[in-house]
Amino acid sequence: MLVYSYDLWLVALSFLIALMASFTGLTLSRGLESVSSGTRQLRIVLAALAIGGGIWSMHFVAILAMRFGIPVYFEVTETLASALIAILLSGLALLIVHFTRPSKAMLGLSGGILGLGITVMHYVGMTAIQGCTPVFSTSGIVLSGLLSILFGIVAMALAFGKRREVGTLWASLVFGAAVSVVHFTAMSQTSFLGWDVAPVSPTQLGDSQIAILVM
């Protein structure tokens, strides 16, 4: 099993990214009742890119904060798939809020989907790691999944339950915290096995390339 440590500055940066992305996405998706259907759809797309991209960016910045003591790389397919999952599920959650009859059930459904996107993105993103093998525990998957759904529902209820600006601020804090809490909860239940020989692939991304994507 590999013993790893964290660069605390990058951990703090990952949390800041989650907060910033949450606030941007939720702000873009406010006040859509009075705009045309085309404008509403465009802003939902932009909000999904902000929220989903922010979830993904937080995850990979937090991964870059880890110091394994060995070189690690990231497979392109799984890396991009994890970003796409986060964006698509964020978009689906926002579509439910804005294109269905407002109700607590719809808020709960959208929040659950948004929260689930965090966990699915996390574990798909973890499979991208090359150079060591993540070993997941069932308890970690279940706990992180439950936490992400709970936080997602609370965030959506705060953001869209009464549609006030203060609700957006609180929702941004809750959802930004959710992304970070879920990530590090899942990581606390994950072990890593080092490889004797790390194969080199033309589809692997290094730390600097991941950092460019995040930027």
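Look above for the structure.
*Asks:* Report on the overall build of the chain, specifying residues and quantitative values.
*Replies:* Looking only at helices and strands, one finds seven helices and seven strands in the chain. Traced from its N-terminal end to its C-terminal end, the chain shows the element sequence β-α-α-β-β-α-α-β-β-α-α-β-β-α. Radius of gyration (C-alpha) of the chain: 17 Å, near the 17 Å computed for a compact globule of 215 residues. Overall size of the chain, expressed as C-alpha extent along the three principal axes, is 60 × 35 × 25 Å.

*Asks:* Tell me what's going on with the environment of Thr190, and back it up with residues and numbers.
*Replies:* Relative to the assigned elements, Thr190 resides in strand β6 (residues 190–194). For Thr190, a relative accessible area of 6% gives the class buried. Taking C-alpha positions, Thr190 is 7.4 Å from Gly140, a pair spaced 50 residues apart along the chain. With residues near it in sequence (within four places) discarded, Thr190 still touches Tyr4, Met126, Pro134, Val135 and Phe136. Of note is the side chain of Thr190, whose polar atom sits 2.8 Å from the backbone oxygen of Ala186.

*Asks:* Describe the pattern of salt bridges, and please don't skip the residues or the numbers.
*Replies:* Taken as a whole, this structure holds one salt bridge when the rule is applied. With its nearest N and O atoms 3.4 Å apart, the salt bridge here joins Arg67 to Asp7. In this pair, Arg67 is assigned in strand β2 (residues 66–67) and Asp7 in the loop between β1 (5–6) and α1 (8–28), connecting sequence segments 60 residues apart. The class for Asp7 is partly exposed, based on a relative accessible area of 24%.

*Asks:* Account for helix α3 (residues 76–99), with residues named and values stated.
*Replies:* Helix length check: α3, at 24 residues, gives a terminal C-alpha distance of 34 Å against a target of 34 Å (1.5 Å per residue), a fit within 8%. Of the residues making up α3, those classed as buried are Thr79, Ser82, Ala83, Ala86, Ser90, Gly91, Ala93, Leu94, Ile96, Val97 and His98.

*Asks:* Mind laying out the side chain of Ser14, listing which residues take part and the relevant values?
*Replies:* Within the element layout of this structure, Ser14 appears in helix α1. Among the polar contacts listed, one links the side chain of Ser14 to the backbone oxygen of Val11, at a separation of 2.5 Å. Setting aside residues up to four positions removed in sequence, Ser14 forms contacts with Met58, Val61 and Ala62.

*Asks:* Could you give an account of the packing of aromatic side chains, naming the residues involved and the relevant values?
*Replies:* Tallying each qualifying case throughout the model produces eight aromatic pairs. Pairing Tyr4 with Tyr6 gives two aromatic rings, centres 5.7 Å apart and planes at 90°, and the pair type is edge-to-face. Note on Tyr4: relative accessible area 25%, which makes it partly exposed. Summarising the aromatic geometry, the rings of Tyr123 and Phe136 are spaced 4.9 Å apart at their centres and angled 90° between planes, so their arrangement reads as edge-to-face.

*Asks:* Just give me the short version of the nonpolar core, but keep the residues and values in it.
*Replies:* Counting 48 residues, the largest nonpolar core has Ile55, Phe74, Phe160, Phe175 and Phe192 as the members making the most contacts within it. Looking at this core, the elements that each hand over two or more residues are α1, α2 (37–64), α3, α4 (104–126), α5 (138–160), α6 (165–188) and α7 (207–214). Not counting residues up to four positions away in its chain, the partners in contact with Ile55 are Ala86, Ser90, Ile118, Met121, Phe175 and Val179.

*Asks:* Report on a nonpolar patch on the surface, specifying residues and quantitative values.
*Replies:* A cluster of nonpolar side chains, Leu150, Val154, Leu158, Trp170 and Leu173, forms an exposed patch at the surface whose accessible area comes to about 470 Å². Those elements that place two or more of their residues in the nonpolar patch are α5 and α6. A total of three residues in the nonpolar patch trace back to one element, the largest contributor, which is α5. The topology assignment puts Leu173 in helix α6.

*Asks:* Give me the lowdown on the packing of α2 against α3, citing residues and values where you can.
*Replies:* If you want to describe how two helices pack, look at the angle between their axes and the distance between the axes. Running from amino to carboxyl end, α2 crosses α3 at an angle of 140°, the nearest separation of the two axes being 8 Å. Viewed along their axes, α2 and α3 adopt a mutual orientation that is oblique. α2 and α3 meet at a crossing whose hand is right-handed. Of the residues that constitute the contact of α2 with α3, the class distribution is 14 nonpolar, nine polar and one charged.

What counts, and where the lines are drawn
- Residues numbered from 1 in each chain as written.
- Predicted model: local features only at pLDDT ≥ 70, side-chain atom pairs only at ≥ 80, totals over all residues.
- Heavy atoms only, no water.
- Helix = DSSP H or I, 4+ residues; strand = E, 2+ residues; numbered from the N terminus.
- Rg over C-alpha atoms; globule rule 2.2 N^0.38 Å.
- Buried < 20%, exposed > 50% of the residue type's maximum accessible area, 1.4 Å probe, protein only.
- Contact = heavy atoms within 4.5 Å.
- Polar contact = N/O pair within 3.5 Å; in protein donor to acceptor, adjacent residues only side chain to side chain.
- Salt bridge = Lys/Arg side-chain N within 4 Å of Asp/Glu carboxyl O.
- Expected span 1.5 Å × (residues − 1).
- Phe/Tyr/Trp six-rings, centres within 6.5 Å; stacked < 30°, edge-to-face > 60°.
- Core = buried A, V, L, I, M, F, W, Y, C linked by side-chain atoms within 4.5 Å.
- Patch = residues over 30% accessible without salt bridge, like charges linked within 9 Å, V, L, I, M, F, W, Y side chains within 5 Å.
- Areas by Shrake-Rupley, 256 points an atom, 1.4 Å probe, with all protein chains shown as cover.
- Axes fitted to C-alpha atoms, helices over the stretch in contact; angles between N-to-C directions.
- Parallel < 35°, antiparallel > 145°, perpendicular 65-115°, else oblique.
- Left-handed = near helix turned anticlockwise from the far one by under 90°.
- Nonpolar A, V, L, I, M, F, W, Y, C, P; charged D, E, K, R; others polar.

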